[in-house]
Structure formats: structure tokens, C-alpha cells
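Results of the structural survey
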Amino acid sequence: MYFLAIDSDASELELEERMVVRIADTLRELGPGFAFVGRQVHFEVDGDQFFADLLLLHAKERQ
């Protein structure tokens, strides 16, 4: 798990913590107001099925 900089014998709690830190760092790089909404989010448009790999929301734009 090189990108998280932890050993393969890390606990589930440590793995989760490192993943949250990486997600938070990425959102900070995008700028203020971004929120992670979900992954593999289902959309249906005119009967066609779509899935967004990652769905981010810019809260400032929603106002």
C-alpha cells in the first residue's frame, strides 16, 4: 500500500485513517467548498443508466 505509506500488516483502523487523510488532502487541493458525495453513484437519464466513478459537490456553487 505504497500510496498510503503503510505496511501490509496495518490494522483496518490505520488503513481507514490514512485513506481519509488522502481524501481530505485531495479535496483541499481542489479548493474550498468541495465535498465528497459518493462513488459509483447511479444516474438515469431518459432511460439510460450511468454511474459516476466519483461524485464531488462544490457547495459554493449550490447557493
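Further up the page is the structure itself.
Below you will find a few notes about this structure.

Cut-offs used in this document
Residues numbered from 1 in each chain as written. Predicted model: local features only at pLDDT ≥ 70, side-chain atom pairs only at ≥ 80, totals over all residues. Heavy atoms only, no water. Salt bridge = Lys/Arg side-chain N within 4 Å of Asp/Glu carboxyl O. Helix = DSSP H or I, 4+ residues; strand = E, 2+ residues; numbered from the N terminus. Buried < 20%, exposed > 50% of the residue type's maximum accessible area, 1.4 Å probe, protein only. 1 Å grid on protein atoms, 1.4 Å probe; cavity = no way out; pocket = protein on both sides within 12 Å on 5 of 7 lines; lining within 4 Å. Points joined across faces, edges and corners; volume = space filled by probe spheres on them.

**Section: the pattern of salt bridges**
If charged atoms from side chains of opposite charge come close, those side chains can pair. Taken as a whole and assessed by the stated rule, the structure comprises two salt bridges. Close ionic contact of Glu 14 with Arg 18 constitutes a salt bridge, the shortest N to O distance being 3.7 Å. Placement of both Glu 14 and Arg 18 in helix α1 (residues 12-30) is noted, with a separation of four residues, approximately one turn of the helix. Given the relative accessible area of 34%, Glu 14 is considered partly exposed.

**Here's the deal with the layout of surface pockets**
Quantified by volume, the largest pocket comes out at close to 220 Å³. For the largest pocket, the full set of lining residues is Ile 23, Thr 26, Leu 27, Leu 30, Phe 36, Arg 39, Leu 54 and Leu 56. Elements that contribute at least two residues to the lining of the largest pocket include exactly α1, β1 (34-45) and β2 (48-58). Examining the composition of the lining of the largest pocket, we find that four residues originate from one element, α1, more than from any other.

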